[in-house]
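# Breakdown of the fold
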Amino acid sequence: LGRLRRIATVLVRHGLGDVAERMGLTTGLRRIGRLFRRRGGAAAESFPVERRIRITLEALGPTFIKLGQMLAMRPDLVPMALVLELRRLHDRVPPFPVAEVRATIESELGRPLADVFATFDDEPIAAASIAQVHRATLASGEAVVVKVQRPSLPDVIASDLRLLSWFATVLEDRVPESRQFRPRAI
């Protein structure tokens, strides 16, 4: 339920509150919806809907980014304007915080970063839906790249896939214009 509430909140924040409301996701979120419309939802609505969709997918994380990446390759399923916007998800995914990167590496290796790396670049050289990559130098002096999976990824993906299946059903049932895109089939 927490994830569902987060999804509804992100939809409203990025100017897609009408979709959230039509799907019945804003029940109990009306106060939050009004707050976001006053503080930025209305401004977000001035952006093209394709951009709002992409930004929403980015904000919702790896599963939704991956969905957007797949849809970007399917001009037979979604309008070309949306395909072009979603293609930005292939190489412009926001990185996750370096504190989480460092904590993940230390947890996986079972020791402090400084014990393994002489240098570690906090700025990622690439960020994608599943992981991001950082330059580093081992204590031995060897230059390496370190690929770090986004935290809690398996749990997040499993939960999100269940929710996406439910969303597709609700979307087709409650938002008739979505039926042409066959959300359940996607």
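### Brief notes about the environment of Arg 179
Within the secondary structure layout, Arg 179 lies in the segment after α9 (153-174). On the accessibility criterion, Arg 179 (43% relative accessible area) is partly exposed.

### Focus on the packing of aromatic side chains
Throughout the structure, instances matching the rule amount to two aromatic pairs. Each ring, one from Phe 117 and one from Phe 120, has its centre 5.8 Å from the other, and the planes form 50°; the classification is tilted. Phe 120 gets classed as buried once you look at its relative accessible area, which sits at 12%. Centroid distance Trp 166 to Phe 167: 5.5 Å. Interplanar angle 50°. Geometry classified as tilted. Directly above the aromatic system of Phe 47 lies the positively charged group of Arg 51, at a separation of 4.0 Å from the ring centroid.

### Remarks on the pattern of salt bridges
Scanning the entire structure with this criterion turns up nine salt bridges. Here Arg 3 and Asp 160 are joined by a salt bridge, their closest N and O atoms 2.8 Å apart. Within this pair, whereas Arg 3 is found in helix α1 (residues 2-13), its partner Asp 160 is found in helix α9, the two being separated by 157 residues in sequence. Taking the shortest distance from any N to any O, the salt bridge between Arg 184 and Glu 172 comes out at 3.4 Å. Separated by twelve residues along the polypeptide, Arg 184 in the segment after α9 and Glu 172 in helix α9 bring together distant segments of the chain. With a relative accessible area of 44%, Arg 184 lands in the partly exposed category. A residue is classified by how much of its surface remains accessible, and Glu 172, at 14% relative accessible area, is buried. Each of Arg 54, Glu 58, Glu 85 and Arg 88 takes part in salt bridges that share partners, so that together they form one network.

### Considerations on the side chain of Gln 132
By the secondary structure assignment, Gln 132 is in strand β3 (residues 131-138). Judged by relative accessible area, Gln 132 falls into the buried class, the value being 1%. In terms of polar contacts, Gln 132 uses its side chain to reach the backbone amide nitrogen of Phe 96, at 2.8 Å. A polar contact of 3.0 Å, which involves the side chain of Gln 132, links it to the side chain of His 134.

### Side note on the confidence of the model for the protein
Interpreting fine coordinate detail is not advised for predicted regions of low pLDDT. Per-residue confidence for the protein gives a mean pLDDT of 87; residues scoring 70 or more make up 91%. Across the protein, strand β1 (residues 117-120) holds the top mean pLDDT of 97, while helix α3 (residues 30-44) sits lowest at 55.

### Quick notes on the environment of Leu 153
Counting through the fold element by element, Leu 153 comes out in helix α9. Classification of Leu 153 as buried rests on a relative accessible area of 5%. Between the C-alpha atoms of Leu 153 and Ile 55, which are 98 residues apart in sequence, the distance is 20 Å. Not counting residues up to four positions away in its chain, the partners in contact with Leu 153 are Pro 62 and Ile 130.

### Description of helix α4 (residues 49-60)
The terminal C-alpha atoms of α4, which comprises twelve residues, lie 16 Å apart, in line with the 16 Å expected from a rise of 1.5 Å per residue. Buried residues of α4: Arg 52, Arg 54, Thr 56, Leu 57, Glu 58 and Leu 60, and no others. Directly beyond the C-terminal end of α4, a positive phi value near 100° is found at Gly 61.

What counts as what
Residues numbered from 1 in each chain as written. Predicted model: local features only at pLDDT ≥ 70, side-chain atom pairs only at ≥ 80, totals over all residues. Heavy atoms only, no water. Helix = DSSP H or I, 4+ residues; strand = E, 2+ residues; numbered from the N terminus. Buried < 20%, exposed > 50% of the residue type's maximum accessible area, 1.4 Å probe, protein only. Phe/Tyr/Trp six-rings, centres within 6.5 Å; stacked < 30°, edge-to-face > 60°. Lys NZ or Arg CZ within 6 Å of the ring centre and 35° of its normal. Salt bridge = Lys/Arg side-chain N within 4 Å of Asp/Glu carboxyl O. Polar contact = N/O pair within 3.5 Å; in protein donor to acceptor, adjacent residues only side chain to side chain. pLDDT = per-residue confidence, 0-100. Contact = heavy atoms within 4.5 Å. Expected span 1.5 Å × (residues − 1).

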